[in-house]
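So the chains spell out like this:
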Amino acid sequence: MIKLENVNKFFGDLHVLKDVNLEVAEGEKLVIIGPSGSGKSTTVRCMNFLEEPTSGHVYIDGEELTNHNKTKVVRQTTSMVFQQFNLYPHMSVLRNLTLAPMKLHHKSRKEAEELAYHYLDVVGLRDKAHAYPTTLSGGQQQRIAIARALCAETKIILFDEPTSALDPETIQEVLDVMIRLAKENITMVVVTHEMGFARQVADRIVFMADGQIIEEGKPEHFFVSPENERVKQFLGKIIR
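We now turn to the structure provided with this report. (Residues numbered from 1 in each chain as written. Predicted model: local features only at pLDDT ≥ 70, side-chain atom pairs only at ≥ 80, totals over all residues. Heavy atoms only, no water.)

## Brief notes about the sheet that holds strand β1 (residues 2-11)
- Pairing within the open sheet is antiparallel, and its four strands lie in the order β2-β1-β4-β5. The strands lining the two open edges of the sheet, one partner per strand, are β2 (14-24) and β5 (63-64).
- The sheet contact formed by strand β4 (residues 55-60) and β5 spans two bridges and is antiparallel. Of the residues in β5, the one forming a bridge with I60 is E63.
- Against the sheet, helix α1 (residues 40-47) makes contact with β1, β2 and β4, and its axis sits at roughly 120° relative to β1, the strand it touches most. (Pairing = 2+ DSSP bridges. Helix = DSSP H or I, 4+ residues; strand = E, 2+ residues; numbered from the N terminus. Contact = heavy atoms within 4.5 Å. Axes fitted to C-alpha atoms, helices over the stretch in contact; angles between N-to-C directions.)

If you want it as structure tokens, here you go:
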């Protein structure tokens, strides 16, 4: 469903991604972990061309992303949940959820609202349909952002550290929604520091450091017998 082939990314003289090769199968739940500054978020942002690779190739559902087709392909296949929610503060929750289905996918208002209410039920926030984002907690806003991604009805959802801006009390409510989603046939790529979530949900974990994939494997491999010393040190620091 997703393929990165020899992807490099420079920001000025800073070499952020170094020949990254990665494939994600349809329906797979891939979790990317690693220290801050390792290139995790940039890798995910290259998957939908929010960051265009300096060199290399990105394929989504078999089609290579280019400057000419990226908008069309990404809109059809991929949604994203960001660290900072990125909801429109001047629009109600319902309007935030119906905007893309109506504008991009040409659904009627009735169809878009039915879709919105369905996914508000999925994230447990139907009663907030007419509220505005600024009146909601961070955890509620992130659950709304997940509902918005679901309303696009794409095959792929990318999550870029979706709990990093939340306080500890609200992290679990967002993770609970994502755990439920993981049971669906949606391709999920999640950048996170939540190791309990990774252990429970991931089909495969990728560890990145210094812009490269250092090790990958199933959760039982990572948490029981990682091979790379850098991985062992990282996990030793964050798993108590």
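Right, picking up where we left off after that structure.
## Concerning the pattern of salt bridges
- Considering all chains together, one arrives at eleven salt bridges under this definition.
- In this structure, E51 and K9 form a salt bridge, with 3.9 Å as the shortest nitrogen-oxygen distance. Of this pair, E51 sits in the loop between α1 and β4 while K9 sits in strand β1, placing them 42 residues apart in sequence.
- Among the ionic contacts, a cluster of salt bridges with common partners joins K9, R45 and E51. (Salt bridge = Lys/Arg side-chain N within 4 Å of Asp/Glu carboxyl O.)

## Structural notes on the sheet that holds strand β3 (residues 29-33)
- Strand order across the open sheet formed by six strands is β6-β7-β8-β3-β9-β10, with mixed pairing between neighbours. Unpaired on one side and paired on the other, β6 (78-81) and β10 (212-217) mark the two borders of the sheet. Across the sheet, the axes of successive neighbouring strands diverge by a mean angle of 20°, strand direction being ignored.
- The pairing of β6 with strand β7 (residues 156-160) spans four bridges and is classified as parallel. Bridge pairing links M80 to L158 in β7.
- This element, helix α9 (residues 229-238), spans β3, β9 (204-209) and β10 of the sheet and lies at about 100° to β9.

## Quick word on the packing of aromatic side chains
- Within the structure shown, the criterion is met by one aromatic pair.
- Centre to centre, the rings of F207 and F234 are 5.2 Å apart; their planes meet at 65°, and the pair counts as edge-to-face. Residue F207 is located in strand β9, and its partner F234 is located in helix α9; the two are separated by 27 residues in the primary sequence. Grouping residues by exposure puts F207 and F234 together as buried.
- In this structure, R199 packs its charged tip against the face of F223, placed 4.4 Å from the ring centre. (Phe/Tyr/Trp six-rings, centres within 6.5 Å; stacked < 30°, edge-to-face > 60°. Buried < 20%, exposed > 50% of the residue type's maximum accessible area, 1.4 Å probe, protein only. Lys NZ or Arg CZ within 6 Å of the ring centre and 35° of its normal.)

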